[in-house]
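Notes for the structure review
These are the residues of each chain, in order.
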Amino acid sequence: MSKFPDDNNPYVKRLEQLEQARKLWGESEWILNFLRTIPATPTKAPTDDEMLIWQQKNTQGLN
């Protein structure tokens, strides 16, 4: 269910997508931390646009 009442607002839709993407990203990072050894370079936080692209690629088969 939407946290925001106006689902037709594109800004609100983007906020909800970002919230879902951040949650999925956090869960993924939590799992990957168990699989990583010593990293060659520290992982960087993705931008909002990178996060949404990543979410779309990783949730295509789930909908």
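Coordinates for the structure precede this section.
A brief look at the structure comes next.

1. Regarding the packing of helix α1 (residues 10-35) against helix α2 (residues 48-58)
Packing of α1 against α2 leaves a shortest axis separation of 9 Å and a crossing angle of 75°. Relative to α2, the element α1 is oriented roughly perpendicular. Together, Arg14, Gln17, Leu18, Gln20, Ala21, Arg22, Leu24, Trp25 and Ser28 of α1 and Asp48, Asp49, Met51, Leu52, Trp54 and Gln55 of α2 make up the contact between the two elements. Residues belonging to the contact of α1 with α2 are distributed by class as follows: seven nonpolar, four polar and four charged.

2. Topic: the packing of aromatic side chains
Evaluation of the coordinates by the stated rule reveals one aromatic pair. Relative to Trp54, the ring of Trp25 lies with its centre 5.1 Å away and its plane at 80°, an arrangement referred to as edge-to-face. One end of the pair, Trp25, is in helix α1; the other, Trp54, is in helix α2, with 29 residues separating them in the sequence.

Quick notes on the rules
- Residues numbered from 1 in each chain as written.
- Predicted model: local features only at pLDDT ≥ 70, side-chain atom pairs only at ≥ 80, totals over all residues.
- Heavy atoms only, no water.
- Axes fitted to C-alpha atoms, helices over the stretch in contact; angles between N-to-C directions.
- Helix = DSSP H or I, 4+ residues; strand = E, 2+ residues; numbered from the N terminus.
- Parallel < 35°, antiparallel > 145°, perpendicular 65-115°, else oblique.
- Contact = heavy atoms within 4.5 Å.
- Nonpolar A, V, L, I, M, F, W, Y, C, P; charged D, E, K, R; others polar.
- Phe/Tyr/Trp six-rings, centres within 6.5 Å; stacked < 30°, edge-to-face > 60°.

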